[in-house]
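What follows is the residue order along each chain.
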Amino acid sequence: VVVHRSDDGGVTWEGPFVVDASDTFRQSYDKNWMAIDTGASSPHRGRIYVAWTNFISGQSGSYSGSPLLIAHSDDRGVSWSEPVRAARTRYAQGAIPMVTANGVVHVVYTELFKNILRITTSVDGGDTWQGSATALWTSAQDMVDAAKLLGVDLMTGHWEFTYGMERVREIV
């Protein structure tokens, strides 16, 4: 996974800058997406996040998993953190990162074979990740905030909606 950057609106480019590289044919990086923390009140303002799926093949070459990885940069993409696994599932696909104004990072992805849209969240600049625990901690507000960032105006209720219709109306 590499990035390039431009300081003149795309006339010239610097790079490539390596986010992560594999020295084996058993890994295939797929669908990398980037988000930049632009929040005025964020403790990580300016941090760049890149998320991707790491398809892994076993000894025989058959598919054995696809964890969701994410790395971040604090120097405009020149150097990158070690990638961390941002979701517990072995079968992630299509990760889309986004950052709220206060610096909370959400990554929406699909869990393969279950066809479930999931979200993982970091409240510490991408160092650690939580699944549905953040929905519990925020009384489901994080799910609504992430849906608004994606432009979703309709959502199928999941366990977050066990808070009842009054709470759902309050946070939407």
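Once a new chain begins, its residue numbering starts again from 1 and follows that chain's sequence as written. Two thresholds apply to this predicted model, a pLDDT of at least 70 for residue-level local features and 80 or more for giving and counting side-chain atom pairs, whereas whole-chain, interface and lining totals are computed over all residues. To get the side-chain values, take all heavy atoms of the structure and skip hydrogens and water.

Draft legend 1. Inspection of the nonpolar core at higher detail. Within the largest apolar cluster, 14 residues are counted, with the highest numbers of intra-cluster contacts made by Leu 68, Ile 70, Ala 95, Val 107, Tyr 109 and Trp 129. In this description a helix means any DSSP run of H or I spanning at least four residues, a strand means any run of E spanning at least two, and both kinds are numbered starting from the N terminus. Among the secondary structure elements, those contributing two or more residues to this core are strand 4 (48-57), strand 6 (68-73), strand 8 (92-99) and strand 9 (105-111). The contact criterion used throughout is that any non-hydrogen atoms of two residues lie within 4.5 Å. With residues up to four places along the chain from it excluded, the contact list for Trp 129 reads Ile 70, Val 84, Arg 85, Ala 86, Val 105, Val 107, Thr 120, Thr 121 and Ser 122. Judged by nonpolar contacts, the second largest core, of ten residues, contains Val 1, Val 3, Ala 71 and Trp 80. To form a nonpolar core, buried Ala, Val, Leu, Ile, Met, Phe, Trp, Tyr and Cys residues must be joined to one another through side-chain atoms within 4.5 Å. Three exposure classes are used, based on accessible area relative to the maximum for each residue type with a 1.4 Å probe and protein chains only: buried under 20%, partly exposed in between, and exposed over 50%.

Draft legend 2. Looking closely at the sheet that holds strand 10 (residues 116-122). Being paired, for any two strands, means DSSP has found at least two bridges between them. Pairing within the open sheet is antiparallel, and its three strands lie in the order 8-9-10. The open sheet terminates on both sides in strands that have one partner only, identified here as strand 8 and strand 10. Sheet twist, expressed as the mean angle between neighbouring strand axes with direction ignored, is 20°. Inspection of the sheet shows strand 9 paired to strand 10 by seven bridges, in the antiparallel sense. Bridging across to strand 10, His 106 finds its partner in Thr 121. Orientation is described by lines fitted to C-alpha atoms, with helices fitted over the stretch in contact, and by angles between N-to-C directions that extend from 0 to 180 degrees.

Draft legend 3. Expanded view of the pairing of strand 4. Most of strand 4 is tucked away, with eight of its ten residues classed as buried. Two strands pair when backbone bridges link them, and strand 4 and strand 6 are joined in this way by six bridges, in the antiparallel orientation. When the sheet's bridge partners are listed, Ala 51 is paired in strand 6 with Ile 70. As defined by bridge partners, strand 4 adjoins strand 5 (residues 63-65) across two bridges and the pair is classed as antiparallel. Among the inter-strand pairings, Ser 57 is bridged to a residue of strand 5, identified as Tyr 63. The loop that links strand 4 with its antiparallel partner strand 5 comprises five residues; one of these, Gly 61, has a positive phi angle of about 95°.

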